[in-house]
Amino acid sequence: MARLPYADLTHPEVSPLVDQIVAERGSVLHLYQMLLQSPPVARGWLNHLTGIRQQSSLAGDIREMVIMRIAILNGAPYEADQHAPIALKEGMSQAQLDALDAWEGSALFNEKERAVLAYTDAMTRHVQVPDAVFDDAKQHFSQREMVELTATIATYNMVSRFLEALQIHSHDDR
């Protein structure tokens, strides 16, 4: 059970945001129902995540692989529950999802994916990224894509930390 109550979606202050979230996401997930406790934060979060998820030039399979790896590293089951079906739809295999926790020893990831996973691990575990890890990732992406990859990793670390601090889980009653 979440540490704070979920927002009342019928409150007039949140109604326009609820409509926007439903239009963009299909429904109001637990994450957004918690964020709606602060409409200004929810609005900014929604706009930011829309840019990362829907307006980035980063390939969907790479984006979702990053999100799933962050969910594993940060122990964020809600994030994993929400993104596993998206990862499969974007082209990751179930075998790759299953191997993400021990990707270094898996032959299921190509050179580009391994560079992305190493970059994700460095940013998530240590914040500072060694030059060799950055340079390896940079070989596979344009400057724009490197900015978008970095922003995606940073963003989903923010998401998992928010979810876990407030103990938001898929099975919560709302």
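Here, every reference points to the structure presented above.
The notes below deal with the structure included here. Fair warning: this is a prediction, and the values are worked out from it, not measured in the lab.

Let's shift gears to the layout of surface pockets. Taken as a whole, the largest pocket spans an internal volume of roughly 270 Å³. For the largest pocket, the lining is made up of 17 residues, of which Arg25, Leu29, Arg53, Gln82 and His83 are closest to its centre. For the lining of the largest pocket, the elements supplying multiple residues, two or more each, are helix H1 (15-25), helix H2 (30-35), helix H3 (39-54), helix H5 (77-89) and helix H9 (143-165). When the residues that make up the lining of the largest pocket are grouped by side-chain class, the tally is 9 nonpolar, 4 polar and 4 charged.

This paragraph deals with the nonpolar core. In this structure, Leu31, Tyr32, Leu36, Met65, Leu100 and Leu149 are the most contacted members of the largest nonpolar core, which totals 49 residues. For this core, the secondary-structure elements that each account for two or more residues are H1, H2, H3, helix H4 (60-73), H5, helix H6 (94-99), helix H7 (111-125) and H9. When neighbours within four sequence positions are excluded, Leu31 is seen to be in contact with Trp45, Tyr78, Val159, Phe162, Leu163 and Ile168.

So, on to the pattern of salt bridges. Following the criterion strictly, the structure yields 7 salt bridges and no others. Among the ionic pairs, Glu24 bridges to Arg25, the shortest N-O distance being 3.5 Å. Between Asp121 and Arg69 there is a salt bridge; the shortest N-O distance is 2.7 Å. Highlighted residues: Asp121 in helix H7 and Arg69 in helix H4, separated in sequence by 52 residues. Across this residue pair, the class does not change: Asp121 and Arg69 are buried. Connected via shared salt-bridge partners are Arg53, Arg63, Glu64 and Glu90.

Let us now look at the packing of H4 against H9. Running from N to C, H4 and H9 point in directions that differ by 35 degrees, and their axes come no closer than 9 Å. H4 and H9 meet at a crossing whose hand is right-handed. On H9, the residues that touch Ile62, Arg63, Val66, Ile67 and Ile70 of H4 are Leu149, Thr152, Ile153, Tyr156, Asn157 and Ser160. Residues that form the contact of H4 with H9 fall into these classes: 7 nonpolar, 3 polar and 1 charged.

Now for the environment of Glu145. Within the element layout of this structure, Glu145 appears in helix H9. Overall, Glu145 belongs to the partly exposed group, its relative accessible area being 23%. Counting along the chain gives 13 residues from Glu145 to Ala132, while the straight-line C-alpha distance between them is 18 Å. Non-local contacts of Glu145, meaning those with residues more than four positions away in its chain, are made with Ser57, Leu58 and His140.

A separate point is the packing of H5 against H9. As a packed pair, H5 and H9 sit with axes 8 Å apart at the nearest point and diverge in direction by 125 degrees. When the axis of H5 is compared with that of H9, the two are oblique. Contacts between H5 and H9 involve Pro77, Tyr78, Glu79 and His83 on the former and, on the latter, Tyr156, Val159, Ser160, Leu163 and Glu164. Among the residues making up the contact of H5 with H9, the classes are represented as 5 nonpolar, 2 polar and 2 charged.

Analysis parameters
- Residues numbered from 1 in each chain as written.
- Predicted model: local features only at pLDDT ≥ 70, side-chain atom pairs only at ≥ 80, totals over all residues.
- Heavy atoms only, no water.
- 1 Å grid on protein atoms, 1.4 Å probe; cavity = no way out; pocket = protein on both sides within 12 Å on 5 of 7 lines; lining within 4 Å.
- Points joined across faces, edges and corners; volume = space filled by probe spheres on them.
- Helix = DSSP H or I, 4+ residues; strand = E, 2+ residues; numbered from the N terminus.
- Nonpolar A, V, L, I, M, F, W, Y, C, P; charged D, E, K, R; others polar.
- Core = buried A, V, L, I, M, F, W, Y, C linked by side-chain atoms within 4.5 Å.
- Buried < 20%, exposed > 50% of the residue type's maximum accessible area, 1.4 Å probe, protein only.
- Contact = heavy atoms within 4.5 Å.
- Salt bridge = Lys/Arg side-chain N within 4 Å of Asp/Glu carboxyl O.
- Axes fitted to C-alpha atoms, helices over the stretch in contact; angles between N-to-C directions.
- Left-handed = near helix turned anticlockwise from the far one by under 90°.
- Parallel < 35°, antiparallel > 145°, perpendicular 65-115°, else oblique.

Any functional reading would require information beyond the geometric quantities listed.
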